[in-house]
Amino acid sequence: MRCETAEQALSILADHEQIWCQSMAATPWFLLQALAKLAPRYQNLTLLQLHTEHSEILCQPELQGHLRQRCFFVGSSTRSAIQCGQADYVPIFLSEIPKLFRSGEQPLDAALIQVSPPDNHGYCSLGISVEATRAALQMAKKVIAWVNPQMPRTHGDSFIHLSQIDRYVEFSAPMPLHLPAELDPVTRQIGQHVASLIRDGDCLQMGIGAIPDATLACLGSHQRLGIHTEMFSDGVLPLIAKGVITNQNKKKHRGKIVTTFAMGSQALYDFVDDNPQVVFLDVEYTNDTAVIRQNPQVVAINSALQVDLSGQVCADSLGTKIYSGVGGQMDFVRGASLSEGGRAIIALPATAAGGKVSRISSLLTPGAGVVTTRAHVNYIVTEYGIAQLRGRSLTERAKALIAIAAPQFQETLARQARDDWGLSV
């Protein structure tokens, strides 16, 4: 049913319902703005989501008791609400969220989505973010859509027929842009170190931000690289144009870029629009270690907030303060490690707070979340070098990590390794 307003489309919601919201750059913020206005009429609505764009309006104090956000990943719009107890965070591997829905363990009453206009056969596209939304659409009792002519039409698991949408509203608006970050000397150096670990024929997984972009900028002379990733951004475009990324060495989806969402510039969105070279697939599949490992030479490049001297990687919190989420880091760390010739890389600046804090520490801050365990860790990279930890003892790990810490912290770390761990470094 076509509606004239977003409020009309949302009027089929009822008290106490569990609502999934498509996330990332495809967040249906036009519907969320209307939901913020309508929510005071309802009791105990729950909005389930990953990182959402332009959703700050849902954190208003007056919505308490009417609408509560339940986040499987935390972004800038929900971080403060999570940290002060006004929203909920659910730690979970990204690959397992669809299982929650399909098993019925997490009931879903409705799904809010943003889609492209229907094609000649009546099929709309979820566009630049499939993630767990494919599973949500299979299980939700009601589907409410924002049809946006500016949403790219993507291939893969993204299609939904107009007849499967209960109510929709049409409104044209540009996609949220995430422009490439400026590369400073630290990120450039990290990128060079990471790039030195990448070989011809590797299949890459990377995220968004300065370090992935700095790494990709160093790969112009490589050959036959592939992409099987959770997400990708603008850094891959020059390598595709130069013929560096061909996806010809992959065993799964040879010749195609595999992803589950994309965030970047308008040039990126134009590239994926109706491009059969790029397939947006269900995150239960893209992040399945059994799928990832089937490609040879998988290289997973992920980030961290803190690493201790035993190799434990904290990536979702600053102590007890949730900052982001578990996401797909472990999915790809394990998948890459099991891949023939694969490597898993955690890359991070050596310091934080303007050089006052070492990100490599003897012990993790109390409450810090271990996303990648010391048994799973492979390479740790900072601007000061590369530490290869897999198969190394605690003493060997501590020595390697101290060597890539900022020089002003190395003496202290060596003393703490002796005091905290009883290690002779």
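Residues numbered from 1 in each chain as written. Predicted model: local features only at pLDDT ≥ 70, side-chain atom pairs only at ≥ 80, totals over all residues. Heavy atoms only, no water.

1. Observations regarding the sheet that holds strand S19 (residues 306-308)
Sheets are built from strands paired through backbone hydrogen bonds, the pairs being either parallel or antiparallel. Inclusion rule: Only strands that DSSP links by at least two bridges are regarded as paired with each other. Each helix corresponds to a stretch of at least 4 residues labelled H or I by DSSP, and each strand to a stretch of at least 2 residues labelled E; elements are numbered beginning at the N terminus. Contacts are assigned to residue pairs that have any heavy atoms within 4.5 Å of one another. Only the stretch in contact is used when a helix axis is fitted, and all axes are lines through C-alpha atoms; the angle between N-to-C directions ranges over 0 to 180 degrees.
Ordered by their spatial adjacency, 4 strands build an open sheet running S26-S19-S20-S27, and the pairing between neighbours is mixed. Looking along the sheet, the strands with just one partner apiece sit at the ends: strand S26 (360-361) and strand S27 (370-372). Bridging between S19 and strand S20 (residues 313-314) involves 2 bridges; their strand directions are antiparallel. Residue pairing across strands places glutamine 306 opposite cysteine 314, the latter belonging to S20. The strands touched by helix H12 (residues 329-338) are S20 and S27; relative to S27, the strand with the most contacts, the crossing angle is about 35°.

2. Quick word on the pairing of strand S18 (residues 298-303)
The line we're drawing: Buried, partly exposed and exposed residues are distinguished by accessible area as a fraction of the type maximum, computed with a 1.4 Å probe on protein chains only: under 20%, between the cut-offs, and over 50%, respectively.
Judged by how many residues are buried, S18 sits mostly within the fold: 5 of 6 residues are covered. As judged from the 5 bridges shared by S18 and strand S23 (residues 343-347), these two strands associate in the parallel manner. Counterpart to isoleucine 301 in the pairing with S23 is isoleucine 345.

3. Here's the deal with the pairing of strand S28 (residues 379-382)
Of the two faces of S28, the one carrying Tyr379 and Val381 and the one carrying Ile380 and Thr382 are both buried. Where S23 lies against S28, 3 bridges are found, and the strand directions are parallel. Looking at the pairing, isoleucine 345 lines up with tyrosine 379 of S28. The pairing of S28 with strand S29 (residues 385-388) spans 4 bridges and is classified as antiparallel. Note that in S29 the partner of threonine 382 across the bridge is glycine 385.

4. Quick look at the nonpolar core
Heads up, the rule is: Only buried Ala, Val, Leu, Ile, Met, Phe, Trp, Tyr and Cys residues count toward a nonpolar core, and they belong to the same one when joined by side-chain atoms within 4.5 Å. Domain delimitation in this document rests on an assignment produced automatically or drawn from a domain database.
Of all hydrophobic cores here, the largest spans 70 residues; its most connected members are Trp20, Phe72, Phe101, Leu204 and Phe232. In this structure, this core is formed jointly by two domains, domain 1 (6-170) and domain 2 (185-421), each of which donates at least three residues. In this structure phenylalanine 232 touches Met206, Ile257, Thr259, Phe261, Ala262, Met263, Leu268, Val272 and Val278, once residues within four positions along its chain are discounted. Residues Leu309, Ile346, Ile360 and Leu423 belong to the second largest nonpolar core, which totals 33 residues.

5. A word on the UniProt feature "domain: Acetyl-CoA hydrolase/transferase C-terminal" (unreviewed entry) in the protein chain
Under the convention used in this document: UniProt positions are given in the numbering used here, feature names are shortened, and annotations may be inferred rather than shown by experiment.
Taking the numbering used here, the UniProt-annotated feature "domain: Acetyl-CoA hydrolase/transferase C-terminal" (unreviewed entry) corresponds to residues 264-417. Here residues 264-417 is 30% helix and 26% strand, with 41 Å between the C-alpha atoms at its ends.

6. Regarding the packing of aromatic side chains
Applied cut-off: Between the rings of Phe, Tyr and Trp (Trp by its six-membered ring), a pair exists once the centres lie within 6.5 Å; its type follows the angle of the planes, with under 30 degrees stacked, over 60 edge-to-face, and the other angles tilted.
Summed over the entire model, instances satisfying the criterion amount to 8 aromatic pairs. When the ring of phenylalanine 30 is compared with that of phenylalanine 171, the centres are 4.3 Å apart and the planes differ by 5°; the resulting orientation is stacked. Remark: phenylalanine 171 occurs in the loop between strand S11 (167-170) and helix H6 (185-195) and phenylalanine 30 occurs in helix H2 (residues 29-38); sequence separation between them is 141 residues. Taking the relative accessible area as the measure of exposure, phenylalanine 30 reaches 18% and is therefore buried. Residues phenylalanine 72 and phenylalanine 101 carry aromatic rings whose centres are separated by 6.5 Å and whose planes lie at 75° to one another, so their mutual orientation is edge-to-face. Highlighted residues: phenylalanine 72 in the loop between strand S4 (67-71) and helix H3 (79-83) and phenylalanine 101 in helix H4 (residues 97-103), separated in sequence by 29 residues. Look at phenylalanine 72 and you get buried, because its relative accessible area is 2%. Through a chain of ring-to-ring contacts, the aromatic side chains of Trp29, Phe30, Trp146 and Phe171 assemble into a single cluster.

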